Amino acid sequence: MDKFITDKLTKKTDSNYSMHTMMLSAHLTYLEKEILKECLEKYTSQNNLQRYDGKDDGYRTKLIYYRGIAKEFGFNEIKLISCNPRNSEIENFWLKIKINPRKMFHPNDHPYVYIASTEDVTKCMKRVKIMLKTIGAPKEMIEIFKLQRIDFCVNINLNSPDKVKEYMPLLLKGAYSSHFKRRMEYSQTHKRNIPTKDSFTFNSSNIEFSIYDKHTQLSKEALKYSADEIKEAEGLIRIELRVSRPIIYQKSKKYNLNTVQDFLEHAGEIAQASIPQYIKRAYGTGNFTTLDNAKKII
């Protein structure tokens, strides 16, 4: 990659590599589900909070979204899931909590532009404990939560929208191995699916790697974000590595991390070790540069 970008990636700062969103999941027995549901419903009713029901997968999955409790404690989402897998009469239950640490602790400070600090990441489980205690759930239930998904990330601040426009066409030309698939989108012009034009994204069942222009991403959904947030994204390229439970388990074994809290305390280090591996796969170990810079070098 161009030295201008690699210098920004390899700068060793605690805030460079971190994560922005995680999903905690507790696989529940029927009794645990009943206890948690009673606590959630009671707290929701007593405090006149919002909740709503949903269904998915041909009505085999029943969902309850506790939006009011999520908002009160700063979570993105809390949902209770009841599911009958296909070809099975055994019902499964989960409680899932989606968390963006920066949104939780700094909701008015551009939570979707900047990545979470190590301090904020490590405070997440404490907030979950507070929520469980407040609704009256047994305190030992915190132990059954596992990290189901985590999105590692790093920002490259080029300090110029023009530089982003200059570099993104190069970044879109990355390579990926055969067991990954490039994310596609339908083109009205070409009348067929083409690789996403605003991001370089490839994925498998447990991993997704993506590089994109953060300002473009926020601008496309301008109604969801403040004008200040969108403005702050100018000149930012975001790189994300989203991994699900099997990869989290592998990394926990590799780094000898036994609990969710252990993993979160080392999230920045894991991100810093993992993201460059996928950058190397996509762009190799050599450098690429812009045409103007190449002419100067020649």
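Along each chain, residue indices are assigned from 1 in the same order as the chain's sequence is written. Restriction of local features to residues with pLDDT of at least 70 applies here, the model being predicted, together with a cutoff of 80 or more for giving and counting side-chain atom pairs; totals for whole chains, interfaces and linings are based on all residues. Computation of side-chain values: all heavy atoms of the structure, hydrogens and water removed.

S.K.: Could you give an account of unusual backbone geometry, naming the residues involved and the relevant values?
M.R.: A positive phi angle, close to 50 degrees, is found at His110, a residue other than glycine. Helix and strand definitions follow DSSP, with helices as H or I runs of at least four residues and strands as E runs of at least two, each counted in order from the N terminus. With respect to the helices, strands and loops of the structure, His110 is situated in the loop between α4 (101-105) and α5 (118-122). On the basis of relative accessible area, His110 is assigned to the buried category, the value being 16%. When a residue's accessible area, from a 1.4 Å probe over protein chains only, is under 20% of the maximum for its type it is buried; when over 50% it is exposed; and in between it is partly exposed.

S.K.: Outline the side chain of Arg238, supporting the account with residue identities and numerical values.
M.R.: Counting through the fold element by element, Arg238 comes out in strand β12 (residues 236-244). Within 3.5 Å is the distance limit for a polar contact, defined as a pair of N or O atoms, with the added protein rule that one can donate a hydrogen and the other accept it, and that residues adjacent in sequence qualify only through two side-chain atoms. For Arg238, the side chain forms a polar contact with the side chain of Glu240, separated by 3.2 Å. Residues are treated as being in contact if the distance between any of their heavy atoms lies within 4.5 Å. Ignoring any residue separated from it by four or fewer positions in sequence, one finds Arg238 in contact with His20, Tyr112, Val113, Tyr114, Ile115, Cys153, Val154, Asn155, Ser210, Ile211, Tyr212 and Lys214.

S.K.: Give a description of helix α7 (residues 161-171) that names residues and reports values.
M.R.: Of all the residues in α7, the buried ones are Val164, Tyr167, Met168 and Leu171. One side of α7 holds all its buried residues, which, seen down the axis, span an arc of 115 degrees. More than 90 degrees from the buried face of α7, the exposed residues found are Asp162 and Lys165. Taken from the helix axis, the directions to the C-beta atoms give the arc we talk about.

S.K.: Could you give me a rundown of the sheet that holds strand β6 (residues 145-157), with the residues and numbers involved?
M.R.: Hydrogen bonding along the main chain pairs the strands of a sheet, whether they run parallel or antiparallel. When DSSP finds two or more bridges between a pair of strands, those strands are recorded as paired. Overall, antiparallel pairing links the 10 strands, which are arranged β2-β3-β4-β5-β1-β6-β12-β11-β10-β7 in an open sheet. The open sheet terminates on both sides in strands that have one partner only, identified here as β2 (52-56) and β7 (181-182). Pairing of strand β11 (residues 207-213) with β12 involves seven bridges; the strand directions are antiparallel. For Asp213, the partnering residue across the bridge sits in β12 and is Ile237. Angles here are taken between N-to-C directions and fall from 0 to 180 degrees, while the axes themselves are lines fitted to C-alpha atoms, restricted in helices to the stretch in contact. Strands β1 (17-28), β3 (61-65), β4 (77-83) and β5 (92-99) of the sheet are contacted by helix α2 (residues 30-46), whose axis makes an angle of about 115 degrees with β1.

S.K.: Break down helix α12 (residues 267-283) for me, with residues and values.
M.R.: In this model α12 runs 24 Å from its N-terminal to its C-terminal C-alpha over 17 residues, within 8% of the 24 Å that 1.5 Å per residue would give. The complete set of buried residues in α12 reads Ala267, Gly268, Ile270, Ala271, Ser274, Ile275, Tyr278, Ile279, Ala282 and Tyr283. Along the long axis of α12, the arc covered by the buried residues comes to 155 degrees, so they all point the same way. Of the residues trailing α12, Gly284 is marked for its positive phi of about 75 degrees. Helix span is expected to be 1.5 Å times the residue number reduced by one.

S.K.: Tell me about the layout of surface pockets, residues and numbers included.
M.R.: Roughly 1000 Å³ of volume is contained in the largest pocket. Considering the residues around the largest pocket, the lining is formed by 40 residues, among which His20, Tyr112, Gln217, Lys224 and Tyr225 are closest to the centre. Those elements that provide at least two residues to the lining of the largest pocket are β1, α3 (67-73), β6, β10 (199-203), β11, α8 (214-219) and β12. Counting residues per element, the lining of the largest pocket draws most heavily on β1, at four residues. Basically, the charged four are Asp, Glu, Lys and Arg, the nonpolar ten are Ala, Val, Leu, Ile, Met, Phe, Trp, Tyr, Cys and Pro, and anything else, Gly included, counts as polar. Here the residues of the lining of the largest pocket are counted per class, giving 10 nonpolar, 11 polar and 19 charged. The pocket and cavity definitions rest on a 1 Å grid over protein atoms only: a 1.4 Å probe that fits but cannot leave marks a cavity, an open set with protein on both sides within 12 Å along at least five of seven lines marks a pocket, and residues lining either have an atom within 4 Å of a point. Grid points are joined across faces, edges and corners, and a volume is the space filled by probe spheres set on the points. Considered as a void within the structure, the second largest pocket measures approximately 470 Å³ in volume. Along the wall of the second largest pocket there are 21 residues; nearest its centre are Phe145, Asn258, Thr259, Val260 and Gln261. When residues of the lining of the second largest pocket are traced back to their parent elements, those giving at least two are α6 (124-135), β6, α10 (245-254) and α11 (260-265). With five residues, the single largest contributor to the lining of the second largest pocket is α10. Of the residues in the lining of the second largest pocket, the class split is 10 nonpolar, five polar and six charged.

Interpretation in functional terms is not warranted from these geometric data alone.
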